[in-house]
Amino acid sequence: MRRVVEVWPFRPTIHHSRRLAEALRAETVGGVVMLAATVVALVWANVSTDSYEALHATTFGPASLHLDLDLREWAQNGLLTIFFFVAGVEVKEEFVHGELSNLRKAALPILASIAGMVVPVLVYLAVSWGAPGAGRGWAVPTATDIAFALAVLAVTAGAMPAALRAFLLTCAVVDDLGAISVIAVFFTNHLNLLALTAGAALIALYGLLQARRVRGPWIYLPIALLAWYFVELSGVHATVAGVALGLMTRVRNDPGEENSPAELATHRLRPLSAGFVVPVFAFLSAGVALDAGSLGTMFTDRVVLGVVAGLVVGKFLGVFGGAWLAVRLGLARLSEELHWRDMAAVSTLAGIGFTVSLLIGGLAYGDDPGRTNAVTTGVLAASLVSSVLAAILLRARVRNRAGAQDDDGHRRSIGDRS
């Protein structure tokens, strides 16, 4: 590899592209890129609504294969499959090597995450009950955005114990698994069993080749593309194929193997997911009009109020309450490094729905642009509120911890002198 770099005439370009890829693997940069894409979408949609909508309506793809989709559909059904593939690999990594491999350690984030999916639904239904179309949006506040939540944690509380990040990451991973299950079960309008069987067979073939240690991306890429196509054709949301393929990817290293296929896949695809896939999806999904009328719906439309309350209040109550109850009942234990005030701060982060919440909102109200835009506004507002509240609480915890450490050090120094 070194010899190739030395003779390549554009070495600075390669050097900077590698640095960019490494940066995009970091949580902070990925979150910033996604936020920037959201801001651009909001500005464009409010400065030139017609051109933004025209961009959405741009359709391409072979109609003979039923792939003549508009840009937003390509982002939802196509690009996000890469995001969910990476999520699927992360889920498997957690089950094999991470927190989920140890039931004693995994109990707290698993139970907190389950409660963090159930309670927001109850809060949403309590607020929106009886409103037209309310029953279609119950799943919107169930999801936590991994990238955004970890980015806020990294920026505001990098000095917090690693156990806090592990708790949030594991909660988000279980949350994603639950969200994709909801999408597969509840948002399948029609089912083509022949196509679904073909997709499942290709996913099984991918897993078999992984188990047989067959190497080479050019073997797996056609299989993955065909699996995606048949799952898309079946009526099941195509992102399910991404998660399934991720779960089929081998995560254990063989003797003498430097990197497992899962490590190689995430190393190559994470920059693409963080730097292109999620920002493009955010750009095509987050552009809503922020005039007085649309903002007013946040206070008059009980579906939107339900989404906001579900994410901001329901997620906090679910994650924190689920964790507290699990410890109280003896089903799990809190790490010695953490305090319940740390858990309260990180539970607030769970209200950042964003990517998956926007996806579910689009699926739930795709035939009603007005309601889709209103729900999108609610998701953005709730994610912003949760981010700000969590940042304030986390910064306070960092200062309190630093102060406590200084006090301990001061007392020890006095004791040494005495």
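See the structure shown above.
Quantities reported herein were computed from a predicted structural model and do not represent experimental measurements.

Visitor: Got a sec to walk through the overall build of the protein chain? Specific residues and values, please.
Guide: Looking only at helices and strands, the protein chain features 17 helices and two strands. Of the contacts made within the protein chain by residues no fewer than 6 positions apart, 80% connect residues no fewer than 24 positions apart. Just so you have it, the protein chain exposes about 20100 Å², and 66% of that area is on carbon and sulfur atoms.

Visitor: Lay out the environment of Val-312 with the relevant residues and their values.
Guide: Along the chain, Val-312 falls in helix α14 (residues 302–328). Expressed as a C-alpha distance, the spacing of Val-312 and Ser-383, which sit 71 residues apart in the sequence, is 7.7 Å. Here Val-312 is in contact with Ala-382, Val-385 and Ser-386, once residues within four sequence places are set aside.

Visitor: Tell me about helix α7 (residues 146–156), and name the residues and values.
Guide: Counting buried positions over the eleven residues of α7 gives eight, a clear majority of the element. Those residues of α7 that fall on the buried side of the exposure criterion are Ile-146, Phe-148, Ala-149, Leu-150, Ala-151, Val-152, Leu-153 and Thr-156. Here α7 starts with a cap whose side-chain oxygen sits 2.7 Å from the backbone nitrogen of Phe-148, and that cap is Asp-145.

Visitor: Describe the packing of helix α5 (residues 71–96) against helix α16 (residues 354–364), and please don't skip the residues or the numbers.
Guide: Between α5 and α16, whose axes approach to 13 Å, the crossing angle comes to 150°. Taken together, α5 and α16 sit at an angle that is classed as roughly antiparallel. When the axes of α5 and α16 are compared, the crossing they make is left-handed. Residues Gln-76, Leu-80, Phe-83 and Phe-84 of α5 lie in contact with α16, whose contacting residues are Thr-355, Val-356, Leu-359, Gly-362 and Leu-363.

Visitor: Got a sec to walk through the packing of aromatic side chains? Specific residues and values, please.
Guide: Scanning the entire structure with this criterion turns up twelve aromatic pairs. Measuring from ring centre to ring centre gives 5.5 Å for Trp-44 and Phe-283, while their planes differ by 45°; the resulting arrangement is tilted. One end of the pair, Trp-44, is in helix α3 (residues 27–47); the other, Phe-283, is in helix α12 (residues 261–285), and 239 residues separate them in sequence. The partly exposed category is assigned to Trp-44, whose relative accessible area is 32%.

Visitor: An account of the packing of α5 against helix α8 (residues 162–186) is requested, with residue identities and associated values reported.
Guide: Think of two packed helices as two axes; the pair is described by the angle between the axes and how far apart they sit. Running from amino to carboxyl end, α5 crosses α8 at an angle of 125°, the nearest separation of the two axes being 10 Å. Here α5 lies oblique to α8, going by the angle between them. Considering how the two elements wind past one another, α5 and α8 form a crossing that is left-handed. Residues Phe-84, Ala-87, Val-91, Glu-94 and Phe-95 of α5 lie in contact with α8, whose contacting residues are Leu-169, Thr-170, Val-173, Asp-176, Leu-177 and Ile-180. Taken together, the residues that form the contact of α5 with α8 break down as eight nonpolar, one polar and two charged.

Visitor: Got a sec to walk through the side chain of Thr-81? Specific residues and values, please.
Guide: Along the chain, Thr-81 turns up in helix α5. On the basis of relative accessible area, Thr-81 is assigned to the buried category, the value being 10%. A polar contact of 2.8 Å, which involves the side chain of Thr-81, links it to the backbone oxygen of Asn-77. Sequence-distant contacts of Thr-81, defined by excluding residues within four places in its chain, comprise Trp-228, Ala-238, Thr-239 and Gly-242.

Basis of the calculations
Residues numbered from 1 in each chain as written. Predicted model: local features only at pLDDT ≥ 70, side-chain atom pairs only at ≥ 80, totals over all residues. Heavy atoms only, no water. Helix = DSSP H or I, 4+ residues; strand = E, 2+ residues; numbered from the N terminus. Contact = heavy atoms within 4.5 Å. Areas by Shrake-Rupley, 256 points an atom, 1.4 Å probe, with all protein chains shown as cover. Buried < 20%, exposed > 50% of the residue type's maximum accessible area, 1.4 Å probe, protein only. Polar contact = N/O pair within 3.5 Å; in protein donor to acceptor, adjacent residues only side chain to side chain. Axes fitted to C-alpha atoms, helices over the stretch in contact; angles between N-to-C directions. Parallel < 35°, antiparallel > 145°, perpendicular 65-115°, else oblique. Left-handed = near helix turned anticlockwise from the far one by under 90°. Phe/Tyr/Trp six-rings, centres within 6.5 Å; stacked < 30°, edge-to-face > 60°. Nonpolar A, V, L, I, M, F, W, Y, C, P; charged D, E, K, R; others polar.

All we've got here are geometric facts, nothing functional implied.
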